Every structure is written in C-alpha cells, then in structure tokens.
Amino acid sequence: MDFIAIFSIFVLACFVGYFVVWSVTPALHTPLMSVTNAISSVIIVGALIASAAAGSASSKWLGLAAVVMASINIFGGFAVTERMLAMYKKKER
Amino acid sequence: MDFQPILAAAAGGHGAVNPWAAIAYLVSGILFILALRGLSSPASSRRGNRYGMAGMTIAVVTTLLTHAPVTVDGGVDSIGLVEILVAIGIGAVIGIVMARKIAMTAMPQLVAAFHSLVGLAAVAVAAAAYLNPQAFGIADAAGQIFTVSRVEMGLGIAIGAITFSGSVIAFLKLNGNMSGAPIMLPGRHVINLGTLAAIIGLVAYFTFDQSPWVFWTVTGLSFLIGFLLIIPIGGADMPVVVSMLNSYSGWAAAAMGFTLGNTAMIITGALVGSSGAILSYIMCRAMNRSFISVIAGGFGGDDAAAGAGGTKEQRPWKPGSADDAAFLMSQAENVIIVPGYGMAVAQAQHALREMADQLKKEGVNVKYAIHPVAGRMPGHMNVLLAEANVPYDEVFELEDINGEFAQADVAFVIGANDVTNPAAKTDKTSPIYGMPILDVANAKTVLFVKRSMGGVGYAGVDNDVFYMDQTMMLLGDAKKMADDIVKALSGSGH
C-alpha cells in the first residue's frame, strides 16, 4: 500500500478514536486503559514477522523476545479487563 | 499445511499484500473499534472485551499463516513455528498470572508495567526490522531501506523507547520503589529540549545515512529522554503521566503499522493514541493544570509545601465519634459518600459498602460522588468501589451529582481532601485554584474522616471545610472508622 493510502486510514482512525473514546463512560476509564493496552500489543504482528524471517539470527531473537512481551500484554491486558468488568454490577431490586 | 506456501508467496510486504490478509487485518481493526465502543456502558462492556480478543486472534492467526517460518526448500519450518508458539505460551502464562494476582489498588502500576512492555516490544520490532529489512519488505535488493520506512522506523523506535523508560519510572514511582517526590535536575529543560532536538535531527539524518550508529544513538537517546521526562513529575500528577504513556504506546504501534503497511496496527495505534490523549486531557482539566505544566514537572514538591506551611494557624474544629456519625446518618434522608484514594490505601471500601448497606436498610438514600482524580489513574475509584460490590448505578461523576449536595443531609468524606477544598473556587493564590471540586460544603452536615488534623492533601493546602460549623471531623483510620460506624448502626436496634 502506498503511503498516502495508509496515512488516510490513520487520519480517519484518529477521528474514529476521538469520538469512540469520548463516548466511553468515565466509570470505565480504568478498563479502557487496560484494554487499549491489550490491543496496542497488536504490534505482535511485527514481532511474528521478525521471528519467522530467515536471514538474520539477531533479528529473529529480537522478534521472539517481542512476541513474549506482546503476549504478556495481550493475555494480561484482556484478562485483567475481563476481571474488572465482571465486578461492575447493577443495583439488585 | 498445503495452502501455506501459496499464502507465503503472496505476502511479500508493501509490494504484494495478500488481499485476504489485508481484509483480515481490517476486520481485526474494526473489532478493536467495537471493543472500545462497548465501554460506553458497563452492560455492553464485556461483549466489547470479547470483540477485542476476537480481533487479536484474527490478527495473530493471519500473520502466522502469511508469515510462517519457512525452511530453505520452501516448506514450513516446524521448529521455528514451535519456537513462536512457545514464546506466545510463555507470555500467556505470565500475563494471565499477573492479571489474576494483581490487587485492584495496584492497577496503576500494572498498567504502567504493561505500557513499558508495549514500548520495549516496539523497540525490539523496530530493531529487528532494521537488522533484517528485506523480511519486512521495506528495503530494495541491495539492502537500502526505503526513505519513508526510515522515518517511520526512526519514529517507531524513538516513541517505543520513550514509552519504555518513561513507564518504568512511572511504575517505580507508583509502586513505591522510588519516591513520588519530583526529582529536579538543574537545567533540565535545556537538557530535555536538547535531547529531543538531537533525536529529531538524527531521525532526519537517518534518511540519508542508514549506518548503525545513527539508529542505535536514536535508540539510546530516546531511552534517556523517557527517563528524564518522568523523573521531575510528582506523585499527584501520575494519573496524567499514565494516560500520556498510554497514548505513546498507541503512537508507537501506529508507527510500526506504517512500517509494515498493516491496517490493524494503524487503526489500533490511532485508537489507543487518541484514547490516551483524551484521558490525559480529562485528568488535566480535573486538576485545572495545563498539559505543559504537568510535563514541566515539579508539582507536589517543596514549593507547594513551603507555601502552605508558612501561614498555618490554629482554628477551632469539631471532633466527632463513630456513634455520632452513625446517629446523624441514620436520621438522614440523603447521604452522599465522597471517597478518595486514602480510602483505598486504608482498604476501607468493603467496610464503607457495609455501612452504606446498613443505611439503606434504614431507608436512607445513599449515593457516591467521584471526582475524576480521586484515584491514581482515570476511573480507578470506580473500579475499587465495583470490587467492593457497590452497584455502579449508585456511583456518580462530579458533573452529575454536584448539584445534589445542597439537598443532601450528610456528605461523608472518606480519604479525600483536595477535591472538596473550596479554596479552589475562592482563593486565587491557592495552588489548586480553578480545579473543579465536589461542593460538600453545601450539605447540611459534613462528616470528614481523616487520619489526623496535621496532614494535608497532595497539594499541601489547608481545607476550610474542616473548620465549618456543620462539619464534624472523624479522626482515625478510615477502615476502623467505617467498621465502628457499621457496629454503631447495627447496634442501634432500628
């Protein structure tokens, strides 16, 4: 994809992010941070490419290290978000 | 896996992106948007979290299919694949154990630790891409990295490194391994601006010369600036810092997304980047501080304490006991509880909820009022109350409840201080002037739980509410006080 196409997606995604995040209720701002933490670990895509590539051993090991770090974040981030969200209960009537 | 070589052949970086893979990444980007959208209400939030997990699964599986490790003859390298799966497994175990064990009071530290990992992973990926650019499809046959990719990569590693070292410092401060007091280096603004200028200059130079020294100097300087930027920021401003680092971790992911031409990473990066930026803005507004002044640092240090200490006078105040408090509240119609971080430190949230339950049994209408900076990170107090089984529809934000204090019979302040201080409205010389506050002074009676009369809040200023006629000071540990009030309420035989 050429740079302009990618940049357009980025700018539009920033606008989407702006409106979606303002619609998040303040009571859920902590889960918002933990879930954004988890999804920003989509950087694992780059880590997987590096660890699968042939040609440079150091690049591969850096990739594998990044896979471990991103996985901690993905599993930890989603799990802790799930744990917090399960605690939010409505009044029993 | 018969289809694997076909997919692998189709996925050659920028030039030849497999259309199915591109669509899969787009779908995972959309699922991430829906994950955040779900957080608009607690009822839809868990479904949103599942969307996020689905999006991540799609992104990972797609990458594993299009970029499976291949042997020299073109087949799947099963050892390489096992290595990757083991790496994911190790991360999964560590992550899940951390998520299960962490105390809710320690969420800010956990989030800071997670941010540091995103930052370090971004650095590792950018370094891997620099060392093996052909594998990422960002270099020509001679190994010359494309100019645009150099800029993206340079920014990616700089933002990643700043996120990492900044988050490590934030973690150490939040976790108490390092003093929350700001550390002020002489001439730090000059040092910081100089380092930033050097980073920007070197990233620009990197487009002409891709030698290793340029790349690694940018990396080293970025680690340094992340460290320098956070050490002068005091404990009171940590909610802003954590939000800001959240934003940076997003921009780091977006920069890597540009390098790889990956829509899932770009959409996610933009979402997370805006999310952190908006949260920082909300936190700054809640403290009436400008973002620049937070970054410049020094708040909550010696200056503020000295300013308040000089004019300390003895003023009369009214002490009260748990029995008095129990009696006043059981006679009330409307009680508003104002919890602050001190409540969480004393682990008083469960006792507080029991107190509220007792009051509700006696027909008292109980609500909770939360100031945006009541905890150590955005929304922290809401999580702590949710953990203590306080229903979320009894918990209200500042704008929604502030008008109700005038009708409240009792405002019960526990572990909060600065966020109730009327000086924020009246005293132009006060360090917290202009900060929005909870108008507890409008309630008929104010019960103020506090450890002692000596201590002051984060901002180091005295609070006029202590000395008002309708205020009763309940001095003691927050948890013990709440427990004693519960005892007094259940013993009263109503």
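For the structure itself, consult the block above.
A quick note: this is a predicted structure, and the numbers were derived from the prediction, not measured.

**Student:** Go over the overall build of chain A, please, and point to the residues and values.
**Tutor:** The helix and strand tally for chain A stands at 4 helices and 0 strands. Beginning at the N terminus, the succession of helices and strands in chain A can be written as α-α-α-α. For 93 residues, the compact-globule formula gives about 12 Å, and the C-alpha radius of gyration of chain A, at 18 Å, lies well above that figure. Judged by the C-alpha coordinates and their principal axes, chain A covers about 65 × 30 × 15 Å. Counting only residues that meet the buried cut, chain A has 62% of its 93 residues in that class. Look at the contacts in chain A between residues 6 or more apart in sequence, and 64% of them connect residues 24 or more apart. Only carbon and sulfur atoms are counted for the fraction: they give 73% of the accessible area of chain A, which is about 3300 Å².

**Student:** Could you give me a rundown of the nonpolar core, with the residues and numbers involved?
**Tutor:** Residue and element names in this part refer to chain B. Counting residues in each nonpolar core, the largest one holds 190 residues, and the members touching the most others are Met329, Ile337, Met355, Phe412 and Ile485. The leading source of residues in this core is helix H5 (residues 107–131), at 16 residues. Here Ile337 is in contact with Leu352, Met355, Ala356, Val366, Lys367, Tyr368, Ala369, Phe412 and Ile414, once residues within four sequence places are set aside.

**Student:** Which residues make up the packing of aromatic side chains, and what values go with them?
**Tutor:** Following the criterion strictly, the structure yields 18 aromatic pairs over all chains and no others. Look at Tyr18 of chain A and Phe19 of chain A: their rings are 5.2 Å apart centre to centre, the planes differ by 90°, and that puts the pair in the edge-to-face class. Classification of Tyr18 of chain A by relative accessible area gives partly exposed; the value is 41%. Taking relative accessible area as the criterion, Phe19 of chain A reaches 56% and is therefore assigned exposed. The rings of Phe3, Phe7 and Phe10 of chain A together with Trp251 and Phe258 of chain B are connected pair by pair, giving a single aromatic cluster.

**Student:** Got a sec to walk through the side chain of Asp439 of chain B? Specific residues and values, please.
**Tutor:** Checked against the element boundaries, Asp439 of chain B lands in the loop between helix H18 (423–426) and strand S5 (445–450). Not counting residues up to four positions away in its chain, the partners in contact with Asp439 of chain B are Asn402, Phe405 and Lys425 of chain B.

**Student:** So what's going on with the interface of chain A and chain B? Which residues, and what values?
**Tutor:** Taken residue by residue, the interface counts 82 residues in chain A and 104 residues in chain B. Here chain A is connected to chain B by 3 salt bridges. Its salt-bridge partner being Arg50 of chain B, residue Glu82 of chain A comes within 2.4 Å of it at the nearest N-O pair. When residues of the side of chain A that touches chain B are traced back to their parent elements, those giving at least two are helix H1 (3–22), helix H2 (29–40), helix H3 (44–52) and helix H4 (57–85) of chain A. If one sorts the elements of the side of chain A that touches chain B by residue count, H4 of chain A sits on top with 27 residues. Its residues assigned to classes, the side of chain A that touches chain B shows 53 nonpolar, 22 polar and 7 charged.

Conventions we followed
Residues numbered from 1 in each chain as written. Chains lettered and ligands numbered in written order. Predicted model: local features only at pLDDT ≥ 70, side-chain atom pairs only at ≥ 80, totals over all residues. Heavy atoms only, no water. Helix = DSSP H or I, 4+ residues; strand = E, 2+ residues; numbered from the N terminus. Rg over C-alpha atoms; globule rule 2.2 N^0.38 Å. Buried < 20%, exposed > 50% of the residue type's maximum accessible area, 1.4 Å probe, protein only. Contact = heavy atoms within 4.5 Å. Areas by Shrake-Rupley, 256 points an atom, 1.4 Å probe, with all protein chains shown as cover. Core = buried A, V, L, I, M, F, W, Y, C linked by side-chain atoms within 4.5 Å. Phe/Tyr/Trp six-rings, centres within 6.5 Å; stacked < 30°, edge-to-face > 60°. Salt bridge = Lys/Arg side-chain N within 4 Å of Asp/Glu carboxyl O. Nonpolar A, V, L, I, M, F, W, Y, C, P; charged D, E, K, R; others polar.

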